[in-house]
Amino acid sequence: MGRKKISIEKIQDDRSRQVTFTKRKGGFLKKAMELSILCDVEVAVITFNSQGKLFQYASGNIHDTLMRYARYSGPVEHKDNSNYKGGARKSEIDVALQQPDLSNAAIRAAVASNHLTQRALAAAPSSA
């Protein structure tokens with residue numbers, strides 16, 4: 001018996017959405033690990049769930065990978081949900097395009113700033 005084809009759109013039921021997230025997150029992180037090992041590439045995955053909880057995977061030190069990303073100035077292959085065939089509906093794309101958008105440079109600067117702040121906090125003597 002084959003698998004049922006599903007429609008790629010937001011799951012409305014909260015419990016079903018959470019169960020799907022948990023299962024797919026595991027598969028997604030496994031694929032990231034396999035890509036890293038099989039192809040000898042550096043991989044960093046950062047995911048926030050709907051409650052804001054952070055999940056991350058990195059093939060090496062995630063802070064070093066993020067700093068490398070922040071310093072990178074070469075060409076970038078960029079994909080988002082609008083690249084998915086049959087994905088977001090036109091009205092959803094229009095709404096997304098109207099939202100304020102950060103440039104890659106702004107995102108990189110924020111990553112670098114956050115990384116430096118975390119390093120400074122880690123290096124600071126404890127006040128306890």
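Above this text sits the structure in question.
Owing to the predicted nature of the structure, the values given are computational and were not obtained by experimental measurement.

K.L.:
Outline unusual backbone geometry, supporting the account with residue identities and numerical values.
P.N.:
Note on backbone geometry: most residues besides glycine have negative phi, and most peptide bonds are trans. With a phi close to 50 degrees, Asp 40 is a non-glycine residue in the positive phi region. Among the secondary structure elements, Asp 40 is positioned in the loop between helix H1 (14–39) and strand E1 (44–48). For Asp 40, a relative accessible area of 71% corresponds to the exposed category.

K.L.:
Describe the pairing of strand E2 (residues 54–58), and please don't skip the residues or the numbers.
P.N.:
Within a regular strand, the side chains alternate between the two sheet faces. Side chains Phe 55 and Tyr 57 of E2 all project onto a buried face; the interleaved residues Leu 54, Gln 56 and Ala 58 project onto a face where none is buried. By the bridge criterion, five bridges tie E1 to E2 in an arrangement that is antiparallel. Of the residues in E2, the one forming a bridge with Val 45 is Tyr 57. Hairpin connection between E1 and E2: a loop of five residues separates the two successive antiparallel strands, and Gly 52 in this loop has a positive phi of roughly 90 degrees.

K.L.:
Explain the side chain of Thr 65 to me, and be specific about the residues and the numbers.
P.N.:
With respect to the helices, strands and loops of the structure, Thr 65 is situated in helix H2 (residues 62–71). Since its relative accessible area comes to 12%, Thr 65 is described here as buried. Here Thr 65 is in contact with Glu 42 and Ala 44, once residues within four sequence places are set aside.

Conventions used here
Residues numbered from 1 in each chain as written. Predicted model: local features only at pLDDT ≥ 70, side-chain atom pairs only at ≥ 80, totals over all residues. Heavy atoms only, no water. Helix = DSSP H or I, 4+ residues; strand = E, 2+ residues; numbered from the N terminus. Buried < 20%, exposed > 50% of the residue type's maximum accessible area, 1.4 Å probe, protein only. Pairing = 2+ DSSP bridges. Contact = heavy atoms within 4.5 Å.

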